[in-house]
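# Fold and contact review
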Amino acid sequence: MRDEILKELVQPDNLVYSKTELMTDKTLSYCPGCGHGTAHRITMEVIEELGLWEDTIGIAPVGCSVLAYEFMNIDMQQAAHGRAPAVATAIKRCWPDKIVFTYQGDGDLAAIGTAETLHAINRGENIVIIFVNNGIYGMTGGQMAPTTLLGMKSSTSPYGRDEATMGNPLKITELISQLPGAYFVTRQAVHTPATVRKTKKAIRMAFQNQMDKKGGVSFVEIVSNCNSGWKMTPVQSNQWLIENMLPFYPLGDIKINGEFINK
Amino acid sequence: MTEEIIIAGFGGQGVLSMGKILAYSGIMQDQEVSWMPSYGPEMRGGTANVTVIISDEKVSSPILTEFDTAIILNQQSMDKFENSVKPGGYLLYDPNGISRHPERSDIKIITIEGSKLAAEMGNSKIFNMVVLGAYLKIRPIVNLDNVIKGLKKSLPERYHSLVPLNKSAIKKGMENIVEVN
Amino acid sequence: MGDLKLMKGNEAIAEAAIRAGVDAYFGYPITPQSEIIEYLMAEKPHERTGMVVLQAESEVAAINMVYGAAGTGKKAMTSSSSPGISLKMEGISYLAGAELPAVIVNVVRGGPGLGTIQPSQADYFQATKGGGHGDYRMIVLAPASVQEMSDFVSLAFDLAFKYNNPVMILSDGVIGQMMEKVDLKDSVARWTDEEVKENSPWATVGKTKDRERNIITSLDLDPSHQEKHNEKLLLKYADITKNETRIEKIDCDDAEYLFVAYGSSARIAQKAIQLARAKGIKVGLLRPITLYPYPSEMVAKMADQVKGILAVEMSAGQMVEDVRLAVEGKVKVEHYGRVGGIIHSPQEVLEALEKKIIGG
C-alpha cells in the first residue's frame with residue numbers, strides 16, 4: 001500500500017529534490033531529528049560533486065554511525081572502536097592516490113581513540129576526519145561522553161557531570177589544532193539550513209585539500225544533537241544545542257591552510 | 001666435527017662480534033653454524049655471553065650447558081662457566097682482572113694477555129681479535145683465510161680498511177698463548 | 001641457491017618480508033623483536049620495493065593499520081612480542097571476523113604481565129585457542145630455525161590469501177635473537193594495483209559503477225546472519241585442518257619414546273635425542289610446524305608406536321593438552337618445560353624423559 005502511494009506521488013514532474021546516488025536506499029537507522037542523516041548526506045554530496053565516487057574509501061567507527069557503510073554507497077571499512085584514524089593511515093599510505101576519510105563520533109574519536117586521532121594528525125596524514133560531537137554515547141543508550149558538558153545528565157552521570165569526579169568536557173578540536181599536522185580545522189553544525197550550507201562548504205574544502213595533496217589532516221567537527229539521548233524532542237534538542245553546546249563549542253574555522261584564524 | 005663454544009665477558013668487550021666473526025668463518029667453509037647471545041639489559045655494561053656452534057652437521061640445540069671451549073673475559077663469567085667446560089675441553093681466558101684463577105685439572109687451561117697486547121698495539125678495540133687469534137691457535141677449526149672473509153662479511157664496507165689491523169691482531173693472539181697446565 | 005647470509009631470526013623475517021613482496025609493515029618496538037622494524041627502517045624498503053614501513057603509536061594502532069591495509073587487498077603484516085600481542089588481540093579478532101588476510105609475528109617472551117624479555121613459549125593458548133574474543137582461529141606456524149623464519153613469511157602470506165584469514169608466525173626469543181645461516185629466497189615483485197584488484201575482488205579500493213560497493217566489516221546485528229557467518233568460518237577452519245597440517249619427524253622410525261616439541265624446544269629436544277641415543281634410549285621427535293591446525297592425527301599415530309610421550313615446551317604445560325587430546329589415554333603423556341624466561345637445557349629434557357616417562 002505504502003509503495004503504491006509512493007509510486008503515485010514520486011513522478012518526474014513532482015520532483016523538486018533528489019538524494020545523491022551516493023546514499024543507498026536503505027532506511028537510516030538514526031533517530032528522527034538526529035544530525036547524522038544530514039551529515040551523511042552532505043558528505044556524500046561533496047564526494048559526488050567533486051567526482052570522487054570511484055576513488056573514495058570511507059571508514060565507519062563504532063557508535064551510532066557504525067552502520068554508516070549501509071547508507072554510504074561507496075567502498076567502506078568498519079573499524080574497531082577508536083581506531084579509524086589508524087585504519088585510514090594505512091589505506092592512504094598504501095593507496096596515496098585514493099581519497100580516504102573517517103566518520104567518527106565523540107566517544108570513538110575523543111575517548112577510546114584519542115591516541116589514534118592525535119598521532120594520525122601529528123603525522124600529518126593526508127586524510128579527512130569528520131567528527132560528529134553530540135556530547136553523549138547515543139548507540140549504547142545515552143552514557144557520558146568525553147564531550148558531555150558540565151552538569152549535563154546522562155545515564156552514567158545521572159546527577160549531572162561533576163567536574164571534580166568526572167573531569168571536564170574535552171575540546172579535542174582545539175587540542176588537535178595545535179599540531180603541525182592539522183592543516184584545516186573547523187567546527188560546524190547542522191541544526192539549521194544555514195549551518196548545513198556552511199558545513200557542506202567546509203567538508204568540500206576538506207576533500208579538496210586532500211585532492212590537492214595539501215600536507216596534513218583536514219578535520220571537520222560537526223556539533224550535533226542527540227534528542228533521544230538528551231531525552232528531548234528534536235526541536236527542543238536543537239534549542240538546547242544553541243543554548244548550551246554552542247557557547248562551549250563555538251562554531252567557526254580554527255585553522256585554514258595550516259594557519260590559525262585570528263578571531 | 002662439532003665445536004660448541006661459549007664466549008663470555010663484559011658488554012663492550014666485543015664478545016658478540018667475536019662470536020659473529022667465528023660463525024661467519026664457519027659459513028665461509030660450508031659448515032653449519034649457530035650464534036645465540038644472551039640479550040637484554042645485561043648488554044648495557046653488564047655481562048654478555050654468546051654460544052657459538054660450528055659443525056659439519058645441522059646444528060640441533062643452540063642452547064647448551066656444556067661446551068668444548070669456554071672463552072672467559074671477566075671474573076663473573078669465570079665463576080659461571082668454568083664448570084661448564086666438558087672434561088677434556090678448553091678454557092681460554094685473559095688473566096687481566098681475574099682474581100680467582102681456574103683450578104680444574106681435567107681440562108686444558110690457556111691464557112692470553114688480550115687487553116695488554118691490544119694496548120701495546122695501540123688500539124683497545126682489537127682486544128677481541130687478539131683473543132680470537134689465541135682461540136684459533138688452540139682450536140684451528142676454521143682457517144685464517146675464512147676468518148678474514150668472515151670478518152669482511154660481518155663488518156660494514158666502510159670499516160674494511162681496518163681488516164689488516166684486525167688480521168695482525170689475530171696473528172698477535174696466535175703467537176702469545178700461554179699453556180697453564 | 002639464493003643469497004647465503006648469517007642473520008638473526010628477526011632480521012631474516014624482515015628481509016624475507018621485503019623479498020616476498022609485502023606491501024606494508026606496521027609495528028611498535030618491544031624486546032625481543034625490535035630488530036624487525038629496525039632492519040626494515042635501515043633497509044629503506046620504500047626505495048627497494050615501494051613497501052610501506054611505519055612505526056605506529058601503539059601495538060593497537062599497528063594491528064588496526066594492518067586491518068586497513070589488508071582491507072584494500074594489500075599484503076600487510078605486523079610483529080610484536082607477548083605483551084604487545086595481547087594488545088593486538090582485539091584487532092586480530094576483527095581480522096578473523098572480517099576474513100582479512102594478514103600476517104602477525106609473535107616473538108614470545110616470558111609472562112604473565114610485563115614478565116621478562118627472555119624467551120618463552122607460554123603464548124600457545126593465546127595463539128591457538130583464540131586470544132581475542134569470539135569463535136575464530138588463526139593459522140599458526142612455528143619456525144624452529146632462522147631459515148624457517150625467512151621461509152615462513154611467504155608461506156604465511158600464501159595461506160592468508162588462500163583462506164582470507166590471519167596467520168601468526170609464533171616464534172620466541174631464542175629463534176628471534178639467534179643467528180644462523182639463511183638461504184634467502186629471490187625477490188618477487190609486489191602486486192601491481194591491477195593485480196591487487198584481481199586477486200582480491202572484495203577489497204575496498206574505490207567503488208566503480210560496474211559493481212556493488214565493497215564493505216569490510218565483522219558486524220552483523222542480526223544473529224541469524226552472524227550464525228551463518230560463524231558456520232562459514234567453521235567450514236573454512238575444517239578445510240584448513242584437512243589441507244594445511246604440517247609436521248617434521250626426526251628419528252621416529254625406531255622410536256620407543258617420543259618428544260613432541262615445536263620451535264626452539266624442538267631444537268633443544270633434538271640435542272636431547274643425541275644424548276639419549278648415546279645412552280641407548282630410542283627416542284624420536286614429532287615437531288608440529290602448524291600449531292593450528294594441530295597435527296592430532298599424526299600424534300595419535302605415533303602413540304600406537306611408542307611407550308610414552310613427553311611434550312617439551314617453555315611453558316607450564318599448554319601444548320601438552322593437545323597432545324593428550326590426540327593420544328586419548330593410549331600411552332602416558334607428560335609435560336616438561338622451564339618457565340618465566342628460563343630455557344631448558346638438553347640435559348634437563350633428557351632427565352625429564354628418564355624420570356617422567358621411562359622411570360615413571
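Residues numbered from 1 in each chain as written. Chains lettered and ligands numbered in written order. Predicted model: local features only at pLDDT ≥ 70, side-chain atom pairs only at ≥ 80, totals over all residues.

## Some words on the interface of chain A and chain C
- Each side of the interface is counted separately: chain A has 29 residues, and chain C has 32 residues.
- The set of elements that each furnish at least two residues to the side of chain A that touches chain C consists of β1 (56–60), β2 (75–78), α4 (84–94) and α6 (114–122) of chain A.
- It is α4 of chain A that provides the largest number of residues to the side of chain A that touches chain C, a total of eight residues.
- A per-class count over the side of chain A that touches chain C returns 16 nonpolar, six polar and seven charged. (Contact = placed C-beta atoms within 7 Å. Helix = DSSP H or I, 4+ residues; strand = E, 2+ residues; numbered from the N terminus. Nonpolar A, V, L, I, M, F, W, Y, C, P; charged D, E, K, R; others polar.)

## Thoughts on the interface of chain B and chain C
- Facing 18 residues of chain B, the contacting portion of chain C comprises 21 residues.
- Counting only elements with at least two residues in the side of chain B that touches chain C, the list comes to α1 (15–28) and β2 (32–37) of chain B.
- Sort the elements by how many residues they give to the side of chain B that touches chain C and β2 of chain B lands first, with six residues.
- Inspection of the sheet shows β2 of chain B paired to strand β8 (residues 179–184) of chain C by two bridges, in the antiparallel sense. Within β8 of chain C, the position partnered with Ser-34 of chain B by the bridge is Glu-180 of chain C. (Pairing = 2+ DSSP bridges.)

## Some thoughts on helix α2 (residues 35–43) of chain C
- Regarding α2 of chain C, the residues found buried are Glu-35, Ile-36, Ile-37, Tyr-39 and Leu-40 of chain C.
- In the stretch just after α2 of chain C, Lys-44 of chain C is the one whose phi turns positive, near 45°. (Buried ≥ 20, exposed ≤ 12 C-beta atoms within 10 Å, placed from the backbone.)

## Some thoughts on the nonpolar core
- In terms of nonpolar packing, the biggest core is built from 244 residues, with Ile-130 of chain A together with Met-65, Val-66, Leu-141 and Ala-156 of chain C touching the most fellow members.
- Two domains share this core, each providing at least three of its residues, namely domain 1 (3–195) and domain 2 (247–358) of chain C.
- Excluding anything up to four places from it in sequence, Met-65 of chain C contacts Ala-86, Val-87, Thr-89 and Ala-90 of chain A together with Phe-26, Leu-54 and Ala-56 of chain C.
- Listed in part, the nine residues of the second largest apolar core include Cys-34, Cys-64, Ile-136 and Trp-230 of chain A. (Core = buried A, V, L, I, M, F, W, Y, C linked by C-beta atoms within 7 Å. Domains from an automatic or database assignment.)

## Description of the pairing of strand β8 (residues 217–223) of chain A
Residues and elements named next belong to chain A.
- Extensive coverage of β8 is indicated by the burial of seven of its seven residues.
- Burial of β8 is two-sided: the residues Val-217, Phe-219, Glu-221 and Val-223 facing one way and the residues Ser-218, Val-220 and Ile-222 facing the other way are all buried.
- Summarising the sheet, strand β4 (residues 128–133) and β8 pair through six bridges and their orientation is parallel. The partner of Ile-130 across the bridge, within β8, is Val-220.
- Pairing between strand β7 (residues 182–189) and β8: seven bridges, direction parallel. By the bridge assignment, Gln-188 is partnered in β8 with Ile-222.
- Considered for its hand, the β-α-β crossover made up of β7, helix α9 (residues 193–211) and β8 is right-handed. (Right-handed = clockwise from strand over helix to strand, strands pointing away.)

## Points about the sheet that holds strand β10 (residues 247–250) of chain C
All names here are of chain C.
- Here we have five strands laid out as an open sheet, ordered β10-β12-β11-β14-β15, and mixed in their pairing. Each having just a single partner strand, β10 and β15 (332–336) make up the two edges of the open sheet. The average angle at which neighbouring strand axes cross in this sheet is 20°, direction not considered.
- As paired strands, β10 and strand β12 (residues 283–288) are joined by four bridges and run antiparallel to one another. Each bridged residue has a counterpart across the sheet, and for Glu-248 the counterpart in β12 is Arg-287. (Axes fitted to C-alpha atoms, helices over the stretch in contact; angles between N-to-C directions.)

## A word on the confidence of the model for chain B
- A residue-level look at chain B finds 97% of positions with pLDDT of 70 or above and a mean pLDDT of 93.
- Taken together, the chains of this predicted complex give a pTM of 0.95 and an interface ipTM of 0.96. (pLDDT = per-residue confidence, 0-100.)

## Considering the packing of helix α11 (residues 263–278) of chain C against helix α14 (residues 346–358) of chain C
All names here are of chain C.
- Contact pair α11 / α14: the axes reach a minimum separation of 8 Å and the direction vectors enclose 65°. Handedness of the α11/α14 crossing: right-handed. Across from Ile-268, Ala-269, Lys-271, Ala-272, Leu-275 and Ala-276 in α11, the residues of α14 making contact are Pro-346, Gln-347, Val-349, Leu-350 and Leu-353.
- Looking at the contact of α11 with α14 residue by residue, the classes come out as nine nonpolar, one polar and one charged. (Left-handed = near helix turned anticlockwise from the far one by under 90°.)

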